[in-house]
Amino acid sequence: MSILSALFLFATGAVPPPAPPPPDPPAILVSRQLLASEHLALGDVIALSGDPKGSRAREFRIAGVYEPVPDPARLGMVPLEARLHLSDLLALIADPADPAASESVRSIGVKLVSPAEASAFMRDLTVRVPGLLLRELAASDDSDVTFVVLDRFHLAISLVTVIASSIFLLALMVMLVDERRDTVAVLRLIGLRRRRIFIQVLAEGLVIALAGALFGVLLAVVLEGGFNRFFQWRYDTALVFVRVTPAIAARAVSVAVPLGILASVAASWGLLRRGAMALARR
Amino acid sequence: MSAKVWAFALRSLARQPGRAILGILGVAAVGALLFDMLLLSRGLLVSFRALLDSAGFDVRVMAADAPALARPRIAEAETAAAAIRALPDVDEVASLRLGNAIVTGPDGGTHDIFFIGADAQTRRRPWILLEGRDLGASDTGGPPPLVVNRRLATTLRLRPGSELTLRGDCARGVASAAPPVRFRVAGFAAFPFDDPKAMTAAARLADFGRTCGLDEKSDADLFLVASREGRGPEAAVRAIRALRLDLHAFSNEEIVARFQQVGFSYFRQISAVLSTITLFFGFLLITVLLTVSVNQRFAEIAALRALGFTRRRVVLDVLAQAVLLVGAGGVLSLPLGLALARWLESILHAMPEIPAAMHFFAFEPRALATHALLLALTAVLAALYPMRLVSRLPIAATLRSEMVT
């Protein structure tokens, strides 16, 4: 091409268009933990590979950050995760030698219009597509068993704590009763009957137990936030470790109050059975 | 403290036996829980370490630093194992293939079993033979040998010499096209990582490959490596890492350290929290008991001081009472704690996939020492306030006040 013809082409706008910019890397989401641990930022372009050696790496752009769904079974493991479009993931990890690799997935989530018909749906699908492994997500699995066992363990620990607390309470009530021996003697000497004093002891036990139980619940509510914050920081998770629900508070009070009353009655029993003169050491 | 101080403190406690017994029982309950929490804090680590060490292999080599189910296999395993075996820091290498198999029971029902293919050339085995014979390296004619765990033997009513047929299911979800293989039970073995419900069988690598339809010299899931005596596992790990950059070698120590970071850390946290609470509880109990006791004995203590007891002597009396209460409770807490640990262990062992040989509560002398130290510290701290009350008691004013009241 001569210079003249080149100039002509330029003047008429017939020059070859410039090369198009490279396509924007596909978008991905990364977990908050991955973003922090690798010091990434939104909009960064990162390379991912499906191979530990880093071969066949592809570039992706961080479009967003997400908080992984907390999983108690993975406590202590930092969720360094990324979410890719399925087509991008298949292109990244598929074995080039296996033509079917880009068409296979590990699992398919199905949301039924009528969840109550899950069993019938699974039976039907098993007949239509043999070889599929179907599992109802609402069905119990090993992780459920783990938490049932942990629940039993917590219950056992609570039982031991209640026994220790009851002994402590009984010791306190015995000392309280000892302190009030002279008072009880005077009350008996001025004519109050055993039954009347017994009711007073019961009432006192009830008040002390109620006050103690309510204080305990209040303390648990106050500590709940601190406890959760500490363990959420410790494990870098959004899991809630302690939750004081009305049902739990009611359960604690329903155990503590009868125990408190029982402790005050047991501690006072010896005192109530003695005669007024014996109490007055006469 | 002299014997007189102890005797005097003992008499002081014996004067109010109900109170003293309740104090001791309270400390025993608190001490038992504390002891259990100390056992729990390291129980899994101690028993996990014991399980890893039980077979005599101190290094594990795998293809990737990933959980077992997601981990790729070691390719060209035979060559890799031979290269590792040739290292001067390595004594022995055993290749392992892990899979599943299906076996039909005497009732006609099928059972899924955990199926292991192991190198039969090694002196060490990743299992403990309990009865019968181990897998031999050479063929003796007849069906190939198989070692099975007790649970499988009981379920299928097997005895050494019994025969059974396995259908391999080893390709992680892909059914094997290999024909079923008839095996002869050579012996019964205990597999350290079996959970109580596991049915496990192990065969030679070649027989495993035949059952699963795999090439005899194909991949391996894991190499168990025993370091040479005197060299240590760290040297073996370094040598393997230098030899094969693509393989991941870990000493038992490193695996335990990793387990400590992620596995069951919940139990360490709960033991730390409960230990703190129980200690505080014990401290509160003893402080209240001694303080009330001292308050009730002000007149007596003032009288003793007036009679010539030194301040140091009455303070030591309070300290001795605290030590006696905590000491007696502490001693009682040990059998209580052990019984409680057995109960809690039985609850926690219902968790799925926990090896039967793994224990949440494992006894260590250091746990006993820590328990004694923490209780002693609690006794001293709990006695501080009542000791202060006694040491600052004004003799004349107290006596006058007691006379007036």
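Residues numbered from 1 in each chain as written. Chains lettered and ligands numbered in written order. Predicted model: local features only at pLDDT ≥ 70, side-chain atom pairs only at ≥ 80, totals over all residues. Heavy atoms only, no water.

Enquirer: Whenever I open this one, the nonpolar core confuses me. Can you help?
Expert: What tends to happen in soluble globular proteins is that the nonpolar side chains get buried as a cluster. If you look at the biggest cluster of nonpolar residues, it comprises 101 residues, and the most contacted ones within it are Phe153(A), Leu40(B), Phe267(B), Leu348(B), Phe360(B) and Phe361(B). The greatest single-element share of this core, amounting to 17 residues, is contributed by helix α2 (residues 17-54) of chain B. Excluding residues within four positions of it along the chain, Leu348(B) makes contact with Val149(A), Leu150(A), Phe153(A), Leu40(B), Phe267(B), Phe360(B) and Phe361(B). (Core = buried A, V, L, I, M, F, W, Y, C linked by side-chain atoms within 4.5 Å. Buried < 20%, exposed > 50% of the residue type's maximum accessible area, 1.4 Å probe, protein only. Helix = DSSP H or I, 4+ residues; strand = E, 2+ residues; numbered from the N terminus. Contact = heavy atoms within 4.5 Å.)

Enquirer: Please explain the confidence of the model for chain A as it appears in this structure.
Expert: Detailed reading of the predicted model is not advised wherever pLDDT is low. Confidence along chain A averages 81 in pLDDT terms, with 85% of residues attaining 70 or more. Note that residues 1-14 of chain A has pLDDT below 50 and, in this model, 5 contacts with residues that lie over four places away or in other chains. (pLDDT = per-residue confidence, 0-100.)

Enquirer: I tried to follow helix α3 (residues 77-85) of chain B on my own but got confused; where do I start?
Expert: Within an α-helix, residues lying three or four positions from one another point in the same direction, as the helix has 3.6 residues per turn. Residues and elements named next belong to chain B. Of all the residues in α3, the buried ones are Ala77, Ala80, Ala81 and Ile84. Projected down its long axis, α3 carries its buried residues within an arc of 100°, all on one side. Buried positions along α3 lie against β1 (59-62), β2 (90-104), β9 (222-227) and α6 (233-243). (Arc of directions from axis to C-beta.)

Enquirer: I would appreciate a short explanation of the sheet that holds strand β2 (residues 45-48) of chain A in the present structure.
Expert: Strand pairing in a sheet is mediated by backbone hydrogen bonds. Such pairs are either parallel or antiparallel. All names here are of chain A. Overall, mixed pairing links the 4 strands, which are arranged β2-β3-β1-β4 in an open sheet. The open sheet terminates on both sides in strands that have one partner only, identified here as β2 and β4 (82-83). Inspection of the sheet shows strand β1 (residues 27-31) paired to strand β3 (residues 58-66) by 5 bridges, in the parallel sense. Looking across to β3, one finds that Ile28 is bridged to Ile62. Strands β1, β2 and β3 of the sheet are contacted by helix α3 (residues 86-93), whose axis makes an angle of about 140° with β3. (Pairing = 2+ DSSP bridges. Axes fitted to C-alpha atoms, helices over the stretch in contact; angles between N-to-C directions.)

Enquirer: Even after reading the chapter, I still don't get the interface of chain B and chain A, so can you show me in this structure?
Expert: When the parts of a complex come together, some accessible area is lost, and that lost area is often used as the size of the interface. In this assembly, 37 residues from chain B lie in contact with 32 residues from chain A. Seen at the junction of chain B and chain A, the total is 0 salt bridges. On inspection of chain B and its partner chain A, the count reaches 0 residue pairs in polar contact (both at pLDDT 80 or more). Looking at the side of chain B that touches chain A, the elements with two or more residues in it are α2, α7 (252-262), α8 (265-296) and α10 (311-348) of chain B. Per-element tally for the side of chain B that touches chain A: the top contributor is α8(B), with 14 residues. (Salt bridge = Lys/Arg side-chain N within 4 Å of Asp/Glu carboxyl O. Polar contact = N/O pair within 3.5 Å; in protein donor to acceptor, adjacent residues only side chain to side chain.)

Enquirer: So what exactly am I meant to see when it comes to helix α1 (residues 3-14) of chain B here?
Expert: Residue and element names in this part refer to chain B. The first and last C-alpha atoms of α1 sit 16 Å apart over 12 residues, in line with the 16 Å expected at 1.5 Å per residue. Within α1, burial applies to Val5, Phe8, Ala9, Ser12 and Leu13. Projected onto a plane normal to the axis of α1, the buried residues spread over an arc of 140° and lie on a single side. Among the exposed residues of α1, those pointing more than 90 degrees away from its buried face are Ala3, Lys4, Leu10, Arg11 and Ala14. Contact partners of the buried residues in α1: α2, α9 (298-307) and α10. (Expected span 1.5 Å × (residues − 1).)

Enquirer: How should I be thinking about unusual backbone geometry in this particular structure?
Expert: Keep in mind that most residues, glycine aside, have a negative phi and that most peptide bonds are trans. All names here are of chain B. Unusually for a residue other than glycine, Glu76 sits at a positive phi of about 50°. Within the secondary structure, Glu76 is located in the loop between β1 and α3. What makes Glu76 exposed here is its relative accessible area of 54%. Of note in this structure, Arg157 is not a glycine but carries a positive phi near 55°.

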